[in-house]
Amino acid sequence: QVQLVESGGGLVQAGGSLRLSCAASGRPFSTLAMGWFRQAPGKEREYVTGISRNAGNTYYADSVKGRFTTSRDNAKNTMYLQMNSLKPEDTAVYYCAATQMLLTSTLPQDYRFWGQGTQVTVSS
């Protein structure tokens, strides 16, 4: 089993920044490809970004390219999401997820382990 705990969410004004963290335990972190998803009220869970096991590959949804950056520190068993130039439409609960697949995936069903989520609210 893998346990994932997100932190760093909060309320920020449009144009501001937040940094989310996802701490993992229960399995060697370097064996997991990771992803960030988000879900706004009344909407489906949406892929945001992903990072491969050794951080050699990162992927971004078009809606966040150039504004969000994902990274990981395998020595600290932690993944990060730096969010800059935040917009009101970025408001959602953000979830980190882990998969034993070699590469990250954009599909929620490919991720076996999920965190509890952290709320990000961007005011206009």
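Since the model is a prediction, treat every value here as computed from it, not as a measurement. (Residues numbered from 1 in each chain as written. Predicted model: local features only at pLDDT ≥ 70, side-chain atom pairs only at ≥ 80, totals over all residues. Heavy atoms only, no water.)

Participant: I'd like a rundown of the sheet that holds strand E1 (residues 3-7), residues and numbers included.
Facilitator: Taken in spatial order, the four strands make up an open sheet running E1-E3-E8-E7, and their pairing is antiparallel. Only two strands of the sheet have a single neighbouring strand rather than two, namely E1 and strand E7 (68-73). Averaged over neighbouring strand pairs, the angle between their axes works out to 15 degrees when direction is ignored. Inspection of the sheet shows strand E3 (residues 18-25) paired to strand E8 (residues 78-83) by six bridges, in the antiparallel sense. Pairing of Ala23 across the sheet is with Thr78, part of E8. (Pairing = 2+ DSSP bridges. Helix = DSSP H or I, 4+ residues; strand = E, 2+ residues; numbered from the N terminus. Axes fitted to C-alpha atoms, helices over the stretch in contact; angles between N-to-C directions.)

Participant: Now, about the pairing of strand E9 (residues 92-99): what can you tell me, with residues and values included?
Facilitator: Counting buried residues along E9, seven of its eight residues qualify, which places the element largely inside the surrounding structure. Sheet topology note: the strand E4 (residues 33-39)/E9 ladder contains seven bridges and is antiparallel. Along E9, the bridge assignment pairs Met34 with Ala98. (Buried < 20%, exposed > 50% of the residue type's maximum accessible area, 1.4 Å probe, protein only.)

Participant: Just give me the short version of the state of the cysteines, but keep the residues and values in it.
Facilitator: For the structure shown, the criterion picks out one disulfide. Note that Cys22 is cross-linked by a disulfide to Cys96, the S-S spacing being 2.1 Å. Torsion about the S-S bond of the Cys22 and Cys96 cystine: about 60 degrees, corresponding to right-handed handedness. Of the two residues, Cys22 is situated in strand E3 and Cys96 in strand E9; the sequence distance between them amounts to 74 residues. (Disulfide = S-S within 2.5 Å.)

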